[in-house]
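# An overview of the molecular structure
If you want the building blocks of each chain, they are given just below.
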Amino acid sequence: MRNFLIATVSALTLAACAVGPDYAPPAPPQAAAGAFLSTKAGVTTTAPADANWWRLYNDPVLDGLVTDALAANTDVRVAVARIAKARASLREVRGDRLPSTNLSAGANYGRVSEGQVPAGADREGWQVDAGLTVGYEVDLFGRVSRGVEAARGDVAAAEADADAVRVTVAAETARAYADAASSAERLGVATRIVSLLDQSVKLTARRAEVGLTTRLDTARVAALRNQRAADIPAIAAERDAALFRLATLTGRAPADLPPIAAARTTTLRLDQPIPVGDGAALLARRPDVAAAERRLAAATARIGVATADLYPKVTLGASVGQTSSGLGDLFGGGPLRWLLGPLISWNFLNQEGTRARIDGAEADTQAALATFDGTVLRALEETETALSGYAHMLDRRTALQSARDEAGIAVKITRAQQREGAIDGLAALDAERTFAEAEGALALADARIADAQVDLFRALGGRWDAR
């Protein structure tokens, strides 16, 4: 009997095969493997992108804030918890590979009918029963192995999702820090403009006192000065909001944000081209692409799980037990009952429900494939858009800087001409307004460049090996 069971198990194991399609990763578009369309010499390089991109700014405060955010951000903590849940589900599915055991014991006191006991025997008393049952499913058609395969895909997808959250948190932390710093610089610019306009107000007022200009000119310059002064509270509010956002991103209450986080008063700037790699490296690095690919693998495996229900389920089982009239008799070496043999269950007459589940699993796989393709295309779109936006933003800043410099020259000339009485107050006012607008636009452009850099770094993605 023992040799027969061993031979049976061996034959079933050798004959076992996993039904359903074997997964093969989809190939990305060939056109995506080359260089990006929107790269520009001097702005970007084809060197591999760095996951720790924020270190390119050479700002230790930013480095520390990103480290704090990756460790304490609430969204990161949620993502890590989801990894733990996926791993727990994998352990549960793996448990189906092991034998199932059931230990039972019970005792009851009762009275049996007279015909159930020998003449003169006690009809009342205790009855004690104990038994052990062991079952093992022979994974003949891969139901268990495909389930494990799907669970592994879920774990890998959860890990990639966590990486995607880390990319977002790092980018938003750098963005909030950059916004606070650029707002501080814009505050300085706005204050400097107001100070210059104060001088123009005084000059125009002195000229009005001696009859060289009119009260209208004085009012116009004062109005321009007050308009620029009104920008200061709005910029200060933007800076406060950025600092509050930075506190939340790093897992702190606003009052707990260290003062050093608000110490920078100049916009973040890069003194080197940004390394961006190429399309193939991008798709290998982007965590959202990795998550979509792993979900596709899991969905494909679940087709096999559903397909296995079309075939017989073979379980090897064994049980042993004993029933006695008391605990002493139970362990006294009396006769045992035992049972050993395979169990085959197969619902082959009505398989419509099973085939419907297979169709559903196949539809889920098609949806997962479409999601993967869409994720790849969006990754390429986001990166090309970020590259183009960053390059054009730099071009815009160059033009704005030239305009600001020319406006500054014009202001110096008109102030000198106004002192000499060569021009009227309206011409001087127009020069002051042009310079103020050019100076403010340049400061805002610097802030937008820092924002565009963060957009590019976020689009380039990143992976973290530490889990």
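Presented here is an overview of the structure given in this document. (Residues numbered from 1 in each chain as written. Predicted model: local features only at pLDDT ≥ 70, side-chain atom pairs only at ≥ 80, totals over all residues. Heavy atoms only, no water.)

### Digging into the sheet that holds strand β5 (residues 313-324)
As a reminder, the rule being used: Should DSSP find at least two bridges between two strands, the strands are taken to pair. Under the scheme used here, helices are H or I runs from DSSP no shorter than 4 residues and strands are E runs no shorter than 2 residues, and both carry numbers assigned from the N terminus. For every element, the axis is a line fit to its C-alpha atoms; helices are fit only across the contacting stretch, and the angle between N-to-C directions ranges from 0 to 180 degrees.
The four strands are arranged β2-β3-β5-β6 in an open sheet whose pairing can be described as antiparallel. If you trace the sheet from one side to the other, it starts and ends with β2 (100-111) and β6 (337-345), each paired once. Averaged over neighbouring strand pairs, the angle between their axes works out to 20° when direction is ignored. Direction of pairing for β2 relative to strand β3 (residues 124-138): antiparallel, over a ladder of twelve bridges. Bridge pairing links alanine 107 to valine 128 in β3.

### Some remarks on the environment of alanine 81
On the secondary structure map, alanine 81 appears in helix α3 (residues 74-94). Along the backbone, alanine 81 and threonine 46 are 35 residues apart, and their C-alpha atoms lie at a distance of 36 Å.

### A short note on the pattern of salt bridges
Any two side chains of opposite charge can pair, on the condition that their charged atoms come close. Heads up, the condition is: The salt bridge criterion pairs a side-chain nitrogen of Lys or Arg with a carboxyl oxygen of Asp or Glu, the two atoms within 4 Å. Categorising residues by exposure relies on relative accessible area from a 1.4 Å probe, with only protein chains included: less than 20% of the type maximum marks a residue as buried, more than 50% marks it as exposed, and the intermediate range marks it as partly exposed.
Under the definition given, this model contains 29 salt bridges. Ionic pairing is found between arginine 264 and aspartate 59, a salt bridge with its closest N-O pair at 2.8 Å. Of this pair, arginine 264 sits in the loop between α5 (215-249) and β4 (274-275) while aspartate 59 sits in the loop between β1 (44-45) and α2 (60-72), and the two are 205 residues apart along the sequence. Looking at aspartate 59, the relative accessible area reads 5%, which means it is buried. A salt bridge links arginine 252 to aspartate 68; the shortest N-O distance between them is 2.8 Å.

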